[in-house]
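What follows is the residue order along each chain.
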There are 2 protein chains.
Amino acid sequence: MALLYLIPTWPSDIWTTCMRQQAPDIDIRVWPDQMGPLADIEYAVAWLPPANVLRSLPRLKVIFSLGAGVDAILKDPTLPDNVPIARVNDPDLTMRMTEYVVLQVLMHHRQQRRLDENQRNRLWDSFPTHAASALTVGIMGLGVMGTDSASKLALLGFKVVGWSRSPKTIPGVECFAGAPEFDSFLERTDILVCLLPHTPETTGIINRETIAKLSRKGPFGAPILINAGRGKQQVEKDILAALDSGALHSASLDVFETEPLAQDSPFWGHPKVTVTPHVAADSDPATITAYVLGQIRRHQAGLPVENLVDRGRGY
Amino acid sequence: MALLYLIPTWPSDIWTTCMRQQAPDIDIRVWPDQMGPLADIEYAVAWLPPANVLRSLPRLKVIFSLGAGVDAILKDPTLPDNVPIARVNDPDLTMRMTEYVVLQVLMHHRQQRRLDENQRNRLWDSFPTHAASALTVGIMGLGVMGTDSASKLALLGFKVVGWSRSPKTIPGVECFAGAPEFDSFLERTDILVCLLPHTPETTGIINRETIAKLSRKGPFGAPILINAGRGKQQVEKDILAALDSGALHSASLDVFETEPLAQDSPFWGHPKVTVTPHVAADSDPATITAYVLGQIRRHQAGLPVENLVDRGRGY
């Protein structure tokens, strides 16, 4: 039995070292140079798989994503139809995403960028501030990560509302669902946090119309955007126009339409934007490897693999 | 009955407006111009009171601090001996302090300053990161604020230890107490957070010896300091030397030996230091006024004023 590492865009060494350490009994193969006999390969970890590679594996049983998203796997037009796809749902990944969301929300709430500018100018200036309860954080996407972020923000005193495709119940969080309730959700939201999966429905969801519907009643007078979902969910020219017109107060962006972000992108130098390089919930190789190997052991023992993707839904 | 506003260093308007709105029946006086007959003044809110003013009030019943600290009141050598002093213990103040502590801990943990520098350099670089559980945050001072900060950090996944004068029990937090356990606490601590009250015992407690005893086993190889207590607790030349020698990795300082921080202080431009202008737990005038007026109503109804200061202990 062999496990294939099929991630052209990441260095393979750190991952295959983890895999070989944690599972000396499994034959770890690496595309394209260490493929070996294809009929041995029963499992694959994949991201942006090149066309026809997964399809060429006659005994492939499960495809794993090494992150919470699977959009980069589903967009392979040659993806075999009959092989289940599983995504990682690991507490470590969830905690890291929550850290990112809490950090960015607090940086905006506490005006850390204004404090940074004052520090650069050696200016000892205190300005009026507001309590967390004066702000409503609206979280789009209430999967494991969105739910955890919502709960932690509520504990810190923020008002929190959430929006998801299907109805959810989270203690302390007012939840909205589906297209009919999207505008009501936006109207309540002072800080919009995107943690949605990338699907055809969520492509370009952060656009001029969405931004225009956000609350302007919060203490900053204009809404704030935090995107830790996927870059294809944001229409970057609309975000830039909204920042420049004042329709958006400021933004923290971890993802971009094209990654890595181009050297000449106006986001890098924009005074209202915090750019991070798609690190909101970085995978820890040892932890994620342990999760995937645990799922492979389950599958070999005849138990169902967890967190399987619904291809029709897209996540 | 009159209430005196005796805070020479803050603008009085915003506070007295709040007081008059919330308690139209109370005569609000302001030092030095609107003192009126001294025998009417039964309550005072004070900070850095000028000598002999409080002593000159023959019917003064309670002195209130508008914050959690009372050091600036206790250092008045002419403070009347027989008048109780109360400090504010308000959930709003506690939540703001917790926000500050969580924000600064997360900024260090997630290497936000490194990300900021990369953004300035238009550098898309992801670097290895660690889970919150790889870091131990050590909180000095386990009053209401320290306890709340400790609990919230534990919920975010950090290991948390605490140290206080007298033994405390906080779920999920290993607590150390008193001088005999101080070194054991420091040895465990990767990120030191100071929330101590300012007393003779805590003056200069953040010094070369203390820094030398902190953990060097954390993921950053050297400890991190966050001081949101009082500036007199830190020996600034020792902190600067430790930052420059690498004995400290970095620091967030909200308080300073002399405030406002001098224009020529090396902290302003130090690449390893985040300077904030004593705003960690800024008092919200309306909320704090409501708290103080509530305590005055209690006192007038014959109930004990809460959160009285033990002058011997200093807080």
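The coordinates are above.
Residues numbered from 1 in each chain as written. Chains lettered and ligands numbered in written order. Predicted model: local features only at pLDDT ≥ 70, side-chain atom pairs only at ≥ 80, totals over all residues. Heavy atoms only, no water.

K.L.:
What should I look at first to understand the sheet that holds strand E4 (residues 62–64) of chain B in this one?
P.N.:
Two orientations exist for strands paired in a sheet by backbone hydrogen bonds: parallel and antiparallel. Residues and elements named next belong to chain B. The five strands lie next to each other as E2-E1-E3-E4-E5, forming an open sheet whose pairing is parallel. Here the strands that pair on one side only, and so sit at the sheet edges, are strand E2 (27–30) and strand E5 (85–86). Sheet topology places E4 next to E5; two bridges connect them, and they run parallel. When the bridges of E5 are listed, Ile63 appears paired with Ile85. Across the sheet, helix H1 (residues 13–22) lies against strand E1 (2–6), E2 and strand E3 (41–46), angled at about 170 degrees from E2, the strand it touches most. (Pairing = 2+ DSSP bridges. Helix = DSSP H or I, 4+ residues; strand = E, 2+ residues; numbered from the N terminus. Contact = heavy atoms within 4.5 Å. Axes fitted to C-alpha atoms, helices over the stretch in contact; angles between N-to-C directions.)

K.L.:
What should I look at first to understand the interface of chain A and chain B in this one?
P.N.:
Interface extent is often summarised as the accessible area lost during association of the parts. The interface is formed by 55 residues belonging to chain A together with 55 residues belonging to chain B. Its largest share of buried area at the contact with chain B, chain A owes to Gln119, Arg122 and Trp124 of chain A, together 21% of the area lost on that side. Applying the counting rule to chain A against chain B returns four salt bridges. Ionic pairing is found between Arg113 of chain B and Asp116 of chain A, a salt bridge with its closest N-O pair at 2.8 Å. Seen at the junction of chain A and chain B, the total is 28 residue pairs in polar contact (both at pLDDT 80 or more). Examining the composition of the side of chain A that touches chain B, we find that twelve residues originate from one element, helix H3 (residues 91–109) of chain A, more than from any other. By residue class, the composition of the side of chain A that touches chain B is 25 nonpolar, 17 polar and 13 charged. (Buried area = accessible area lost by both parts, 1.4 Å probe. Salt bridge = Lys/Arg side-chain N within 4 Å of Asp/Glu carboxyl O. Polar contact = N/O pair within 3.5 Å; in protein donor to acceptor, adjacent residues only side chain to side chain. Nonpolar A, V, L, I, M, F, W, Y, C, P; charged D, E, K, R; others polar.)

K.L.:
Hey, could you run me through the packing of H1 of chain B against helix H9 (residues 285–300) of chain B in this one?
P.N.:
When two helices pack together, their arrangement is given by the angle between the helix axes and the distance between those axes. All names here are of chain B. One way to put it is that H1 packs onto H9 with a least axis distance of 9 Å and a crossing angle of 50 degrees. One finds that H1 runs oblique with respect to H9. Crossing geometry of H1 relative to H9 is assigned as right-handed. Residues Ile14, Trp15, Cys18, Met19 and Gln22 of H1 pack against Pro285, Ala286, Ile288, Thr289, Ala290 and Leu293 of H9. Tallied by class, residues from the contact of H1 with H9 come to nine nonpolar, two polar and no charged. (Parallel < 35°, antiparallel > 145°, perpendicular 65-115°, else oblique. Left-handed = near helix turned anticlockwise from the far one by under 90°.)

K.L.:
Even after reading the chapter, I still don't get the relation of the copies chain A and chain B, so can you show me in this structure?
P.N.:
Between the two chain copies there is a screw-like relation: a rotation about an axis and a shift along it. Take chain A, turn it by 180 degrees, move it 0.0 Å along the axis, and it overlays chain B with an RMSD of 0.1 Å. What we have between these two chains is a two-fold relation. When each C-alpha of chain A is compared by its distance to the rotation axis, Leu103 of chain A comes out closest, at 2.9 Å. Mapped onto chain B, 100% of the interface residues of chain A again fall at the interface, so both copies present the same surface. (Least-squares fit on C-alpha atoms with pLDDT ≥ 70 in both.)

K.L.:
Got a minute to help me understand the packing of aromatic side chains in this structure?
P.N.:
Each pair of aromatic rings is reported with the distance of its centres and the angle of its planes. On inspection of all chains with the given rule, the structure shows 14 aromatic pairs over all chains. With a centroid separation of 5.9 Å and an interplanar angle of 50 degrees, the aromatic rings of Phe256 of chain A and Phe267 of chain A are classed as tilted. One end of the pair, Phe256 of chain A, is in the loop between strand E11 (250–253) and strand E12 (273–275); the other, Phe267 of chain A, is in the loop between E11 and E12, and eleven residues separate them in sequence. Phe267 of chain A carries the same exposure label as Phe256 of chain A, and that label is buried. For Arg313 of chain A, the ring lying beneath its charged end belongs to Tyr315 of chain A, and the centroid distance is 4.0 Å. The cationic tip of Arg114 of chain B hangs over the ring face of Phe127 of chain B; the distance from NZ or CZ to the ring centre is 3.7 Å. (Phe/Tyr/Trp six-rings, centres within 6.5 Å; stacked < 30°, edge-to-face > 60°. Buried < 20%, exposed > 50% of the residue type's maximum accessible area, 1.4 Å probe, protein only. Lys NZ or Arg CZ within 6 Å of the ring centre and 35° of its normal.)

K.L.:
Please clarify how the side chain of Thr210 of chain A should be interpreted in this entry.
P.N.:
All names here are of chain A. Mapped onto the secondary structure, Thr210 falls in helix H7 (residues 208–213). Residue Thr210 is classed as buried on the basis of its relative accessible area of 5%. For Thr210, the residues in contact, after removing those within four places along its chain, are Phe182, Leu186 and Ile205.

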